[in-house]
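Chain and residue survey
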Amino acid sequence: MTATAAGPAPSLTSVFVRLKLSLLANGLRQSSGRTAAFITSAVLALLVAAGQLIGFVLLRGTAHAASLVVLLIAVLALGWAFLPLFFPSGDETLDPTRLVMLPLRPGPMVSALLVASLVGIGPLFTLCLVVGAALALAHGAAGVVAAVVAVPLALLVCVALARAVAAANIRLLTSRKGRDLAVLSGLVIAVGIQVVNFGVQRLGQAGGLTALDPAAAVVRWIPPASALGAVDSASTGAYGTAAAQLGLSAAALAGLLYGWQRSLTRLMTAPDGSTLAAASEPSRRGASTGLHRLLPGGRTGPVMQRSLRYVWRDPKTKTAWVTALVIGLIVPLFNALQGTGSIYIACFASGMLGIQMYNQFGQDTSAFWMVAQTIASPRDAYLELRARALALLLITLPYTMLVTVATAAVLRDWRALPEALGIALGLLGAMIATGAVASARFPYSIPQDSAYKNVAPGQGGLAWISIFGGMIASALLCSPLIALTIWLNAANAESAIWILLPLGAVYGAVVAWGGLRVAAPQTAARLPEILTAVSKG
Amino acid sequence: MPDQASNRTMDTAGGAAGAAPPAVRVEGLWKRFGEQIAVAGVDLDLPAGKFIGLVGPNGAGKTTTLSMITGLLRPDQGRIEVVGHDVWKDPVEVKARIGVLPEGLRLFERLSGGELLSYTGRLRGLPGEEVDKRAAQLLDVLDLAGARHKLVVDYSTGMRKKIGLAAALLHNPQVLFLDEPFEGVDPVSAQTIRGVLERYTASGATVVFSSHVMELVESLCDWVAVMAAGRIRAHGPLAEVRGSARSLQDAFLQLVGANGRDTGDALDWLGGGAR
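Residues numbered from 1 in each chain as written. Chains lettered and ligands numbered in written order. Predicted model: local features only at pLDDT ≥ 70, side-chain atom pairs only at ≥ 80, totals over all residues. Heavy atoms only, no water.

Focus on the sheet that holds strand 6 (residues 98–101) of chain B
Residues and elements named next belong to chain B.
- Reading across the sheet, the 6 strands line up as 6-7-8-3-9-10 and stay open at both edges, with mixed pairing between neighbours. In this open sheet, the two strands that pair with only one neighbour each are strand 6 and strand 10 (231–237). In this sheet, adjacent strand axes meet at a mean angle of 15° when their direction is disregarded.
- Pairing geometry for strand 3 (residues 51–55) and strand 9 (residues 223–228), over 4 bridges, is parallel. Bridge pairing links Val55 to Val226 in strand 9. (Pairing = 2+ DSSP bridges. Helix = DSSP H or I, 4+ residues; strand = E, 2+ residues; numbered from the N terminus. Axes fitted to C-alpha atoms, helices over the stretch in contact; angles between N-to-C directions.)

Take a look at the structure:
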């Protein structure tokens, strides 16, 4: 059979959908552990979605159903816009920049990519929520008709929003100047979380769901929540309003697709920002900086120095750090400023920064072979991990103290400062311990060629489970410290409470040491396996 | 012709059995990736002090074999010794004695060339001043002195291979393993790399490198092993493996049985005209 006799070419959409399914399947086929992780995360996501669906159905007919639904859909859309940029996600949508050499027109390509983006756990989860939302609101024939239009519309707006933001960010993240700007989008998330947090707290204070109504009155006009707003309007007979709200969502979809298509066209035709930057890259200064001489000798110094250089120079590492630093500071301080906070929320900072200890070798990418070549014994592995933990502590230790003291200052809760600091230090130690073990046991790749993927296809579940499992384990490791704090407070042992500070510091140090001791022989024994796991991107 | 090939393999088995232990001894090496068998029972002794070429077509299992010998990939089965020490049981002795330049793996690219060498040398446990001295000389000889403050991410392919070679040589290993060291390298850089390697073997060290460019192997190596479909097809001194063939290329094509393959009518539509 020759090419000319092959008949009409298959549609681009079906080609992309099949490609996406193949990528998903191939990513899973590479290891059975990863398949298990993927299935676990899929089941978890669907269970949550089912729970939400039932919750929505129960909401049906209650007074504030409409307000609650539109706000939840708005939060969902926010999640779609920003989460894929900063957290490991299961979204393996094809990287459009790989298609640059194919003779594809932007229009058909965008619609094909959009449909392909609908394949996956995330879209299925969203579909469940949106269907639930529609079920909660639709009354009468007009409501059902509006719902039939609104559900796919809301889903498409969410997916298109994620793609459009991601495509815009590729441009940002590949240019050196843009990288610094993109790092600031960590602030967007931090503020977004705070808005939700603030809203939930207002809800608790101000006599229940009535407090939502003013916000909902605005949000019901913002796509994609406006699509669900239309279902409510149609159900109450306000057909004009319903049509306008649906129209808004449709216009938003069209606008997003247009913006996405424009960034794609520019991405595929304009030179890559990194190429331009490389051409004019200024030379680095001499190697012996002051830091060099201050760091210890042996293996420790060079490893610490390289880790710290990577925090500053590697865009992926830098983004992760800046996000952690900003959120770690903003969450406790905002809570304190709202007058609703507690000094214990300052522990959030140690938690956010402790996450940087996870997947240490994934951060090396396949360059890990250079480390593997110099690790011949558990002792070498211990020194390597300890040096990385020390580099982390060089930033996190003063930072944790700063955040805790600042939170105490805003709250004027100086009495609780020693115990909060003690718990924060204990938690930091536990995060380092679990992070070291997770680095040895659950390494995963961080793709370097794609600016918006933080985990290789098929390894998303592994990444989530490693981080969340580690966080739960860290909380458990800290529980003796927390129990002691509660007991001392309950017993009103004011004079003895200060002891929690040195105790927490020592406890954290011992736990961290223990974690490094456990992780070292595992690292030394698993070098080839770790290298394979981190070389996928 | 096939008879001649297998005879050659036989001949070399008893050929250079001297007193010195081989640089590398591989016995019954297997590696499987799912359904695919990448290395199917390799037995091989590589003599010390030689410039050794591991040749074979793409997908022959060269990279997989080298990765397993250098401890970067765990074999399914088999024993590997480097200068008399088991790679998997005694990594302390082996890792100090080998240098590696793998193909397809990154370097720490956000370090400058100078910083990368300084980091690697200190990780190897060499004293700081010695590292800086050796690094300066290597950068000089490899013509990278001008780019020592530039980030490796901004290096060209040839410069990357050269800085990788420098990192592999820094601790003065006994055996150097290079996977496709000349792939994508310009002629000037290639000549520089050649010069350094020839000087390195002249002092008694062993170089094992893989390539699919026969002319290069023929001009550089004094000992070759031919690999295809996960097995060793022939090995021995260059002249023996080449045998009566005009060139290593011809001998190689006979060994892997790829001579005279014709496309026939299969591509009759190809010609750059209409679709």
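Structure's up, so let's keep going.
Quick notes on the interface of chain B and chain A
- Facing the 34 residues of chain B at the interface are 46 residues of chain A.
- Considering only the side of chain B, the residues that lose the most area to chain A are Arg106, Phe108 and Arg110 of chain B, jointly responsible for 23% of the buried surface there.
- Ionic pairing is found between Asp314 of chain A and Arg110 of chain B, a salt bridge with its closest N-O pair at 3.8 Å.
- In this assembly, chain B and chain A are joined by 13 residue pairs in polar contact (both at pLDDT 80 or more).
- Of all the secondary-structure elements, those providing two or more residues to the side of chain B that touches chain A are helix 3 (91–97), strand 6 and helix 4 (113–123) of chain B.
- Counting residues per element, the side of chain B that touches chain A draws most heavily on helix 4 of chain B, which supplies 7 residues. (Contact = heavy atoms within 4.5 Å. Buried area = accessible area lost by both parts, 1.4 Å probe. Salt bridge = Lys/Arg side-chain N within 4 Å of Asp/Glu carboxyl O. Polar contact = N/O pair within 3.5 Å; in protein donor to acceptor, adjacent residues only side chain to side chain.)

Focus: the pattern of salt bridges
Residues and elements named next belong to chain B.
- Using the criterion set out here, one finds 23 salt bridges over all chains in the structure.
- Close ionic contact of Glu81 with Arg79 constitutes a salt bridge, the shortest N to O distance being 2.3 Å.
- Of the residues examined, Arg79 reaches a relative accessible area of 35% and is grouped as partly exposed.
- Taking the shortest distance from any N to any O, the salt bridge between Glu130 and Lys133 comes out at 3.7 Å. A residue pair is termed a helical-turn pair when its members lie 3 or 4 positions apart in one helix, as Glu130 and Lys133 do in helix 5 (residues 128–141) at 3 residues.
- Overall, Lys133 belongs to the partly exposed group, its relative accessible area being 46%. (Buried < 20%, exposed > 50% of the residue type's maximum accessible area, 1.4 Å probe, protein only.)

Points about the packing of helix 15 (residues 315–337) of chain A against helix 19 (residues 378–411) of chain A
Residue and element names in this part refer to chain A.
- The contact between helix 15 and helix 19 brings their axes to 9 Å, and the two run at 15°. Classified by the angle their axes make, helix 15 and helix 19 are roughly parallel. Helix-helix and strand crossings are classified by hand; for helix 15 and helix 19 the assignment is right-handed. Residue-level inspection shows Trp321, Ala324, Leu325, Val326, Gly328, Leu329, Pro332, Leu333, Ala336 and Leu337 of helix 15 in contact with helix 19, the latter providing Leu392, Ile395, Thr396, Tyr399, Val403, Ala406, Thr407, Val410 and Leu411.
- Residue composition of the contact of helix 15 with helix 19, grouped by class: 16 nonpolar, 3 polar and no charged. (Parallel < 35°, antiparallel > 145°, perpendicular 65-115°, else oblique. Left-handed = near helix turned anticlockwise from the far one by under 90°. Nonpolar A, V, L, I, M, F, W, Y, C, P; charged D, E, K, R; others polar.)

Some details on the confidence of the model for chain A
Residue and element names in this part refer to chain A.
- Summing up the model confidence of chain A, the mean pLDDT is 80 and the portion of residues at 70 or higher is 80%.
- Below a pLDDT of 50 lies the segment residues 1–5, which in the model reaches 2 contacts outside its immediate sequence neighbourhood of four places, other chains included.
- Between residues 87–92, whose pLDDT stays under 50, and residues either more than four places distant or in other chains, the model counts 19 contacts. (pLDDT = per-residue confidence, 0-100.)

A word on helix 6 (residues 157–169) of chain B
- Between its first and last C-alpha, helix 6 of chain B extends 18 Å over 13 residues, near the 18 Å set by a 1.5 Å rise per residue.
- Among the 13 residues that make up helix 6 of chain B, 11 are buried, leaving the element largely enclosed by the rest of the structure.
- Among all positions in helix 6 of chain B, only Gly158, Met159, Lys161, Lys162, Ile163, Gly164, Leu165, Ala166, Ala167, Ala168 and Leu169 of chain B are buried.
- On its buried face, helix 6 of chain B is in contact with helix 18 (368–372) of chain A together with strand 6, helix 4, helix 5, strand 7 (175–179) and helix 7 (187–202) of chain B. (Expected span 1.5 Å × (residues − 1).)

Comments concerning the packing of aromatic side chains
- Counted under the stated rule, the structure contains 6 aromatic pairs over all chains.
- Ring plane angle 85° and centroid distance 5.8 Å describe the contact between Tyr310 of chain A and Phe108 of chain B, whose orientation is recorded as edge-to-face. Of this pair, Tyr310 of chain A sits in helix 14 (residues 300–313) while Phe108 of chain B sits in the loop between strand 6 and helix 4, on two different chains.
- By relative accessible area, which is 7% here, Tyr310 of chain A ends up buried.
- Classification of Phe108 of chain B as buried rests on a relative accessible area of 0%.
- Chaining the aromatic ring pairs together yields one cluster made of Tyr310 of chain A together with Phe108 and Tyr119 of chain B. (Phe/Tyr/Trp six-rings, centres within 6.5 Å; stacked < 30°, edge-to-face > 60°.)

Some remarks on unusual backbone geometry
- Omega for the peptide link from Pro223 of chain A to Pro224 of chain A comes to 0°, which places this bond in the cis form.
- As for its placement among the helices and strands, Pro224 of chain A is situated in the loop between helix 9 (212–219) and helix 10 (225–235).
- In this structure, Asp143 of chain B is a non-glycine residue whose phi angle is positive, near 65°.
- In this structure, Asn172 of chain B is a non-glycine residue whose phi angle is positive, near 50°.
- If you trace the backbone, Asn172 of chain B turns up in the loop between helix 6 and strand 7.
- In this structure Asn172 of chain B comes out as exposed when scored by relative accessible area, which is 56%.

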